[in-house]
Amino acid sequence: MTTMPGLRIRWLLKAILPVAAVLVGGVAVFLWVSFSLAIPEWRTVLLVAAGGAVAICCVMLVALVVLIQRPILELQEKIARLQEGDLTVQASFAGRRDEIGDLGRHFNEMVAQLRQRREETHRVHQAEMSRAEHLATLGELAAGLAHELRNPLAGIAGVVEVLGQELPETSPSREIWKEVRLEIQQIQKILNDLLEYARPRPLQFLLADLNATAEQALHLARQQVRSRPIIIEFVRDSRLPLVEHDASQIQQLLLNLLLNAVQAIEAEGRIEMRIESQNHLAMVSVTDTGRGIDPSHLPSLFRPFFTTKGQGTGLGLSLAQRIAEGHGGSIEVSSVLGKGSRFVLRVPFRKRPAAAAAAGVK
Ligand SMILES: Nc1ncnc2c1ncn2[C@@H]1O[C@H](COP(=O)(O)OP(=O)(O)O)[C@@H](O)[C@H]1O
Ligand SMILES: [Mg+2]
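Residues numbered from 1 in each chain as written. Chains lettered and ligands numbered in written order. Predicted model: local features only at pLDDT ≥ 70, side-chain atom pairs only at ≥ 80, totals over all residues.

Enquirer: What is the right way to read the environment of L259 from this model?
Expert: You can see L259 is positioned in helix α6 (residues 247–264). Sequence-wise, L259 and A221 are 38 residues apart; in three dimensions their C-alpha atoms are separated by 6.4 Å. Apart from residues lying up to four places away in sequence, L259 is in contact with A221 and Q224. (Helix = DSSP H or I, 4+ residues; strand = E, 2+ residues; numbered from the N terminus. Contact = placed C-beta atoms within 7 Å.)

Rendered as structure tokens:
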């Protein structure tokens, strides 16, 4: 903050001026009273009284300087050091048992809190860094492993397929064969999800119709529920402008949300996918009448490998979130246990400059 230089008056001067005015006024009153009452010794009395008053004023001013000016100057100097980042400063007058002492104690408490917060932030930052490093190493390891396993597994799948076809239609081993085939498909899905998570493809942005992208995801999801009493409805927004997005990855994201919705419905139910727009953002919501989400699970929902399903990989939502963030968008969830859940994807019509630069697209 700046003050106009001409208006700045030191507090000491401000204190002296009224005192001097009172002294001069007092002398004038004294002279007037002396003359009206014709006091003979008026000179001596005036000298003694004025000398006494001046002495009292001087003592008061010195006391003010010692009691107030010094702590204020010290506080100014400590605040300047605090601004430079020195969090070890302490007001030395905090031990005083008066209002100035209170000020010092409050200042010291504030500095202690600041210090504590800085240490906490530092600790959290350190922990996050080492967690990120740990995850990066684990991710590399897992991706490498998944990559190595994929080829032999494809070989096994091929052999199993051939063996199965050679089994007679009536053979009791056919059921076992079908089960083995399903298990292999499940392992392949886990490996693919893992690889996609660990080595994401760069986003390829194009101006395109988000309604069409959503419809493709819907088409794939409907194929999964053909034999089940689940209705999937789609409410398109025909006035939606073109949205800059990676159609194949947004389709993957919406398919993940739709399949989660399907898997959350035990018997019959309804899923609605709705597209709307709001302030330069396209919104795609997927609402289901499934089992809902336990509130204690909400903070972990988007974490990789968090799953409540026996057959789940726990990677669907974390992948979805990463794709949304890559578009400069977000995913939000709301849910009522036993009633259903709603996931809302928000994507800006045009990606932000930062996202554009990261994707290397003009
Ligand atoms: N629509 C939904 N209704 C209820 N629970 C859901 C829904 N979507 C996600 N979840 C919960 O979030 C978890 C994580 O989802 P996800 O990351 O897709 O992994 P996965 O589907 O492999 O379990 C699921 O296991 C489930 O508990
Ligand atoms: Mg899923």
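Enquirer: Can you help me understand the pairing of strand β5 (residues 281–288) in this one?
Expert: Consecutive residues of a regular strand have side chains that alternate between opposite faces of the sheet. Alternating positions in β5 separate cleanly, A282, V284, V286 and D288 being buried on one face and L281, M283, S285 and T287 remaining unburied on the opposite face. With eight bridges connecting them, strand β4 (residues 269–278) and β5 associate as antiparallel partners. Of the residues in β5, the one forming a bridge with Q278 is L281. The pairing of β5 with strand β7 (residues 340–348) spans eight bridges and is antiparallel. Its bridge partner lying in β7, D288 is registered against S341. (Buried ≥ 20, exposed ≤ 12 C-beta atoms within 10 Å, placed from the backbone. Pairing = 2+ DSSP bridges.)

Enquirer: Sorry, what's going on with the sheet that holds β4 here?
Expert: Remark on secondary structure: sheet strands pair via backbone hydrogen bonds, oriented parallel or antiparallel. Read across the open sheet, the five strands follow the order β2-β4-β5-β7-β6; overall the sheet is mixed. The two strands at the open ends of the sheet, each matched to only one other strand, are β2 (230–235) and β6 (330–336). In this sheet, neighbouring strand axes are inclined to one another by 15° on average, regardless of whether the strands run parallel or antiparallel. As judged from the seven bridges shared by β6 and β7, these two strands associate in the antiparallel manner. By the bridge assignment, S330 is partnered in β7 with R346. Where helix α5 (residues 210–224) meets the sheet, its contacts fall on β2, β4 and β5, and the angle it forms with β2 comes to roughly 175°. (Axes fitted to C-alpha atoms, helices over the stretch in contact; angles between N-to-C directions.)

Enquirer: Would you mind showing me how to read the domain arrangement of the chain here?
Expert: Many descriptions give the size of an interface as the accessible area lost when the pieces come together. Here the domain parsing of the chain yields domain 1 (5–86), domain 2 (128–198) and domain 3 (206–305 + 314–359). A C-alpha centroid distance of 75 Å is found between domain 1 and domain 3. (Domains from an automatic or database assignment.)

Enquirer: Help me understand unusual backbone geometry, please; the structure alone is not making it clear to me.
Expert: Trans peptide bonds make up the majority, and among non-glycine residues the majority have a negative phi. The residue N279 is not glycine, and still its phi comes out positive at about 45°. Its identity as a non-glycine residue notwithstanding, H280 has a phi of 65°, on the positive side. In this structure, H280 sits in the loop between β4 and β5. C-beta crowding within 10 Å serves as the criterion here: with 9 such atoms nearby, H280 is assigned to the exposed category.

Enquirer: Explain the packing of helix α3 (residues 99–166) against helix α4 (residues 173–198) here, please?
Expert: The angle between the axes and the distance between the axes are what describe a pair of packed helices. At a minimum axis distance of 9 Å, the contact between α3 and α4 shows a crossing angle of 155°. The angle between the axes of α3 and α4 places the two elements in the roughly antiparallel class. For the pair α3 and α4, the crossing hand works out as left-handed. Where α3 abuts α4, its residues G139, A142, A143, A146, H147, L149, R150, L153, I156, A157, V160 and G164 lie against W177, V180, R181, I184, I187, Q188, L191, L194, L195 and A198. (Parallel < 35°, antiparallel > 145°, perpendicular 65-115°, else oblique. Left-handed = near helix turned anticlockwise from the far one by under 90°.)

Enquirer: What exactly am I supposed to notice about the nonpolar core here?
Expert: Within soluble globular proteins, side chains that are nonpolar generally end up buried alongside one another. Grouped together as the largest cluster of nonpolar side chains are 38 residues, with contacts concentrated most on A214, L253, L254, L257, L258 and A320. Every element with two or more residues in this core is listed here: α4, α5, β2, α6, β4, β5, α7 (316–326) and β7. The greatest single-element share of this core, amounting to eight residues, is contributed by α6. Mapping this core onto the domain boundaries places at least three of its residues in each of domain 2 (128–198) and domain 3 (206–305 + 314–359). Those residues in contact with A214 that sit more than four places away from it in its chain are F234, L254, M273, I275 and V284. (Core = buried A, V, L, I, M, F, W, Y, C linked by C-beta atoms within 7 Å.)

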